[in-house]
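Reading the structure
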Amino acid sequence: MMRLAVRTLRYRKSGFIATFVAVIFGTAIVLACGGLMETGIRSNVAPERLAAAPIVVTGELTHLRPGKEDATQLTEQVGIDESVAAKIRSLEGVTDVVGDLTFPTPLALGTGFTQGEGHNWASAVLAPFNLTSGTAPRGGEVVLDATTAQQVKAKVGGKVNLLVGGQQTAFTVSGIASGPAGHTFFSNQEASRFANRPGQFASLGVLVAPGTNLEALRKKIEATADVSALSGLDRGVVEHPDASAKKVVLISVAGSFGGIATMTMMFVVASTLALAAQQRQREFALLRSIGTTPGQVRRMILGEAMLVSLPAVVVGVIPGALLGRFLFDRLSSNGVASPDVTFYQGLIPFAAGAGAAVLAAVGAALMAGRRSAKIRPVEALVEASLQRKWFSWVRMVTGLLFLGGGFALMIVTGTVMTGPLAGATAGPAVLCLAIGLATLGPLATKVVLAILRWPLYAVSRVNGRLAIINVTARSVAMSAAVMPVMLAVGIATANIYMQTTQVDAASKAFTKDLRADAVLVSTAAGLSPSLLPQVQALPGVANASAYVTSNGVIDEPRNAPFDEEGALLQGISAQGPDGAAPVKLTTGSLEGLTGNTVALPDRVAEKIQRGVGTSIKMTLGDGASVDLRVIATFAAERGYESIVLPAELVAAHTTNQLVPQILVRAEPGAAIGPALSKLAAATPGVQVADREALIAGNGEDLKTQAWINYLLVGMLIAYTAVSIVNTLASSTVRRRREFGLQRLTGSTRGQVLRMLTTEGILVALAGIVLGTLVALGTLLPFASAVSTSALPSGPIWIYLVIITIAFALTMLSTLIPATKTLTIRPAEAAARAD
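Residues numbered from 1 in each chain as written. Predicted model: local features only at pLDDT ≥ 70, side-chain atom pairs only at ≥ 80, totals over all residues. Heavy atoms only, no water.

Some thoughts on the pairing of strand β20 (residues 567-572)
For β20, the tally of buried residues reaches five of six residues, placing the bulk of the element in the interior. Judged from the six bridges that link them, strand β19 (residues 541-556) and β20 form a sheet pairing that is antiparallel. The residue bridging Ser 550 from the neighbouring strand is Leu 569, located in β20. In terms of strand pairing, β20 meets strand β25 (residues 642-646) through five bridges, oriented parallel. By the bridge assignment, Leu 568 is partnered in β25 with Ser 642. (Buried < 20%, exposed > 50% of the residue type's maximum accessible area, 1.4 Å probe, protein only. Helix = DSSP H or I, 4+ residues; strand = E, 2+ residues; numbered from the N terminus. Pairing = 2+ DSSP bridges.)

Here's the deal with the sheet that holds strand β17 (residues 227-231)
Read across the sheet, four strands follow the order β5-β16-β1-β17 without closing on themselves; strand pairing throughout is antiparallel. Two strands close off the open sheet at either side, each with one partner strand: β5 (94-100) and β17. Direction aside, neighbouring strands of the sheet carry axes that sit 25° apart on average. Direction of pairing for strand β1 (residues 55-59) relative to β17: antiparallel, over a ladder of five bridges. Within β17, the position partnered with Gly 59 by the bridge is Val 227. Against the sheet, helix α3 (residues 82-89) contacts β1, β5, β16 (203-208) and β17, and its axis sits at roughly 165° relative to β5. Running over the sheet, helix α6 (residues 214-224) touches β1, β5, β16 and β17 and is turned about 165° from β17. (Axes fitted to C-alpha atoms, helices over the stretch in contact; angles between N-to-C directions. Contact = heavy atoms within 4.5 Å.)

A closer look at helix α22 (residues 673-681)
Looking at α22, one finds that the buried residues are Leu 676, Leu 679 and Ala 680. Along the axis of α22, the buried residues cluster in a sector spanning 100°; they form a single face. Among the exposed residues of α22, those pointing more than 90 degrees away from its buried face are Pro 674, Lys 678 and Ala 681. Of the surrounding secondary structure, the elements contacted by the buried residues of α22 are β18 (518-522), α19 (531-536), β26 (661-666) and β27 (686-690). (Arc of directions from axis to C-beta.)

Notes on the nonpolar core
Of all hydrophobic cores here, the largest spans 53 residues; its most connected members are Met 486, Val 489, Leu 770 and Val 774. Taken together, the elements giving at least two residues each to this core come down to α14 (393-415), α15 (423-439), α16 (441-459), α18 (475-511), α24 (700-733), α26 (749-786) and α27 (796-821). Here this core gets 17 residues from one element, more than from any other, and that element is α18. Here Leu 770 is in contact with Leu 437, Ala 444, Val 448, Val 482, Met 483 and Met 486, once residues within four sequence places are set aside. Counting residues in hydrophobic clusters, the runner-up holds 41 residues, among them Leu 538, Ala 544, Met 618 and Ile 672. (Core = buried A, V, L, I, M, F, W, Y, C linked by side-chain atoms within 4.5 Å.)

Thoughts on the side chain of Ser 203
Along the chain, Ser 203 turns up in strand β16. The class for Ser 203 is buried, based on a relative accessible area of 2%. Setting aside residues up to four positions removed in sequence, Ser 203 forms contacts with Leu 50, Val 56, Val 57, Ile 80, Val 98, Gly 99, Asp 100 and Val 238.

Here's the deal with α6
Residue pairs three or four apart in sequence face the same way in an α-helix, which turns once every 3.6 residues. Along α6, the positions that sit buried rather than exposed are Leu 217, Arg 218 and Ile 221. Looking straight down α6, one finds its buried side chains confined to an arc of 105°; they lie on one side. Facing away from the buried surface of α6 by more than 90 degrees, the exposed residues are Lys 219 and Ala 223. On its buried side, α6 packs onto β1, α3, β5, β16 and β17.

So, a nonpolar patch on the surface
On the surface, Ile 796, Trp 797, Leu 800, Val 801 and Ile 805 cluster together into a nonpolar patch covering about 510 Å² of accessible area. The residue Leu 800 is located in helix α27 in this model. Relative accessible area serves as the criterion here: at 42%, Leu 800 is assigned to the partly exposed category. (Patch = residues over 30% accessible without salt bridge, like charges linked within 9 Å, V, L, I, M, F, W, Y side chains within 5 Å. Areas by Shrake-Rupley, 256 points an atom, 1.4 Å probe, with all protein chains shown as cover. Salt bridge = Lys/Arg side-chain N within 4 Å of Asp/Glu carboxyl O.)

A short note on the packing of α26 against α27
Running from N to C, α26 and α27 point in directions that differ by 150°, and their axes come no closer than 9 Å. As summarised for this structure, α26 and α27 are arranged roughly antiparallel, according to the angle between their axes. Remark: the crossing between α26 and α27 carries right-handed chirality. Of the residues in α27, those touching α26 at Leu 753, Leu 756, Thr 757, Gly 760, Ile 761, Val 763, Ala 764, Ile 768 and Thr 772 are Tyr 799, Ile 803, Phe 807, Thr 810, Met 811, Thr 814, Leu 815, Ala 818 and Thr 819. Looking at the contact of α26 with α27, its residues break down into 12 nonpolar, six polar and no charged. (Parallel < 35°, antiparallel > 145°, perpendicular 65-115°, else oblique. Left-handed = near helix turned anticlockwise from the far one by under 90°. Nonpolar A, V, L, I, M, F, W, Y, C, P; charged D, E, K, R; others polar.)

Digging into the pattern of salt bridges
Within the structure shown, the criterion is met by eight salt bridges. Of the charged contacts in the structure, one is a salt bridge between Glu 190 and Arg 193, with a shortest N-O distance of 3.6 Å. Of the two residues, Glu 190 and Arg 193 are both situated in helix α5 (residues 188-195); the distance of three residues between them amounts to about one turn of the helix. The exposure class of Glu 190 is buried, given its relative accessible area of 12%.

Notes on the pairing of strand β11 (residues 141-145)
On any regular strand, side chains alternate: one points to one face of the sheet, the next to the other face. Of all five residues that make up β11, five are buried, and the element is covered over most of its length. Alternating positions in β11 separate into two faces, Glu 141, Val 143 and Asp 145 on one and Val 142 and Leu 144 on the other, with burial throughout. Relative to strand β13 (residues 167-178), β11 runs parallel, the two being bridged by five bridges. The residue bridging Val 142 from the neighbouring strand is Val 173, located in β13. Relative to strand β14 (residues 183-186), β11 runs antiparallel, the two being bridged by two bridges. Its bridge partner being in β14, Val 143 is matched across the sheet by Phe 185.

What to know about the packing of α14 against α15
At a minimum axis separation of 8 Å, α14 and α15 run at an interaxial angle of 155°. Viewed along their axes, α14 and α15 adopt a mutual orientation that is roughly antiparallel. For the element pair α14 and α15, the recorded crossing hand is left-handed. Packed against α14, whose contacting residues are Arg 395, Thr 398, Gly 399, Phe 402, Leu 403, Gly 405, Gly 406, Phe 407, Leu 409, Met 410, Val 412 and Thr 413, the element α15 presents Thr 425, Ala 426, Pro 428, Ala 429, Cys 432, Leu 433, Ile 435, Gly 436, Leu 437, Ala 438 and Thr 439 at the interface.

Some words on the packing of aromatic side chains
In this structure the tally under the stated criterion is eight aromatic pairs. Here the aromatic rings of Phe 171 and Phe 194 are separated by 6.1 Å at their centres, their planes lie at 90°, and the arrangement is edge-to-face. Residue Phe 171 is found in strand β13, and its partner Phe 194 is found in helix α5; the two are separated by 23 residues along the sequence. The class of Phe 171 is buried, set by a relative accessible area of 3%. These aromatic residues form a ring-pair network of at least three members: Phe 103, Phe 171, Phe 186 and Phe 194. (Phe/Tyr/Trp six-rings, centres within 6.5 Å; stacked < 30°, edge-to-face > 60°.)

Some words on the side chain of Arg 235
By the secondary structure assignment, Arg 235 is in the loop between β17 and α7 (236-239). Among buried Asp, Glu, Lys and Arg side chains, Arg 235 stands out as unpaired, with Glu 239 the closest opposite charge at 7.5 Å. A polar atom in the side chain of Arg 235 sits 2.7 Å from the backbone oxygen of Ala 53. Setting aside anything within four residues of it in sequence, one finds Arg 235 in contact with Pro 47, Leu 50, Ala 51, Ala 53, Pro 54, Val 56 and Leu 230. (Lys, Arg positive; Asp, Glu negative; His and termini not counted. Polar contact = N/O pair within 3.5 Å; in protein donor to acceptor, adjacent residues only side chain to side chain.)

Considerations on the confidence of the model for the protein
Looking at the protein, the pLDDT average stands at 81 and 86% of residues meet or exceed 70. Predicted confidence is poor over residues 383-387, with pLDDT under 50, and the contacts of this stretch with residues over four places away or in other chains come to 10 contacts. (pLDDT = per-residue confidence, 0-100.)

See the structure below:
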């Protein structure tokens, strides 16, 4: 049977080419997602500034809340106490422990600033940095790395301007050192003052004696103190903490998209092979009639699938590797993944991509050939000339289970989930509904065609009516063409409008109570603390508030309604009823928002049973534990709740320890723009922005997530578009005998094409209608969960573009192959086997 399978390949080129292309694209997408997943899991960042330290010690980078199993990733720099250095220094094998201080020091370059970090000179040995000219820094002096010095054209003895603590200060260049770029060294005393972390280091570099067992020493260090000891490539995470923070995001993106891509690939490959098997019913019937056993037929179909899929997998590896790198570059350039992480695509992603593609092809081939192998020869010959039956209990139960799962997820989305969390159930709901509808495709197609045919029947002429009758009679075969259109329209519409709806809902939740008319923003590391009083003193300013954000978790009480990612913390200045910060009070007052105080959203306060005058315990972004007194509660959109703290408290526990923005509210009728612009012009690293810029900045993360979704969904749509083209082109080419018979009975080429045009319109409309129903089934409960409206938000042109592309692909995939097929002489075409 394998020899027969090989010989049949050249006579069934159209069907096998369609399968070959589908497997190539499927392998590439799954392989690319596997590479992203491996990169996220490894999150390897090569150490640079700390490369000379075999072991780097830092504070615990996660926090485990009491009574919880999942740890929360700390988003800010976690300090480590100076006393830990003495404990580690006493361990066997340790020759020295060097404390490192790190703080932002943007350097003035023309009208802007370069990004840079400041450190204590004692930590220069950890790179190592070696002086090439000059001397070590003393008070008022700095040592620049050679790259930065060349960039700003600095020389020993010259002056450079640095933003330290948000204020521009001139320093003398005492020396230039070779080493990694972007680092400025201060005297140990000045670095300690600028870092503003008394008694703490950002990290410790552990130097060890030759021959020391690093793994054993690392475990001893962690047992000695509550710290994280890192070795090898893991040390780079200390220099680039965003790599660790973005690790979870990259893994979740790769995992969710990879799962959807795998399911889509299996569906596309299965539908392509099923169509090919359906078109060969007569061939299988003849084989059965001459004595071929069911097992032999199944082995032949399986052999054909393997002969097509294995070479396709080999070919798909090349675009898969390129696609993985392309996706990672796009994700890192848009802030989703850290650009400092090394991209990996090892054997596991290759095995996963190849295995999934081959498994999809083999499984689809077995399912496609099951009925052809079991049917009796005489029944097979009769059925080959009629519409193929589709009903089976296995298919019906599978379809109903997926639809039931989709409806269950819809209910959970609309009744249980809130805010951004709704996407966790809405995304799988789309896939479940689409797969369920595809499994029951013939039934769904018959129902939709029964509705759509009447309007077309009323306006069609003879060829159009013939097409309608033909499509209605062949609704089971037509479902193979309708389902890819449904899948493309459903997935694209649902995923894109989920993002636009969530971005719009988040923007409305932020702007609902926002009363700021302007905002001062930092173009470097942060604003000077002295700037806020200057803004408040400007004429026409009714209120000004510092604004800084971070993340934290509520430890006590333990029933706080936040997941393992913690809660968004908003740091603002104390304000009265006319404050600029976006807070609408329900109880208490923010006039006393200083020290260790907090304001809670109404739903959170109700959940943890804490009101004004009570206290809670929180862990802030740098791992610091604080006891807070509740002084107010405020209204917040469900799912978008944040915790309000004093700006000074939040800023002190962030990596930069500075406030990035100042919100300004003007008095009625006052024009504060000129005064703010004048102040910004006199303050280096500060610029004025309007209310819209503040709103845009607040939704930047969501817009980035939306961009990711557009990119990944676009790839899936491109893949399903391949399925549409494959399915329709293959189906049209296989009908050449039918077209030949029509022309022998008097139909012209134009009449056949007009008939096919009407068929294409029906197929496209059926797919669009079913895809729209799938999308609405997800979008309606999602919209009600993330916003106050049950209708999704977003421009209508997105939907119009989606259905236009689906319609165009359907028509082109039908008419182009048909035009080529009609060039064959009618008698020759009619004589060919189906």
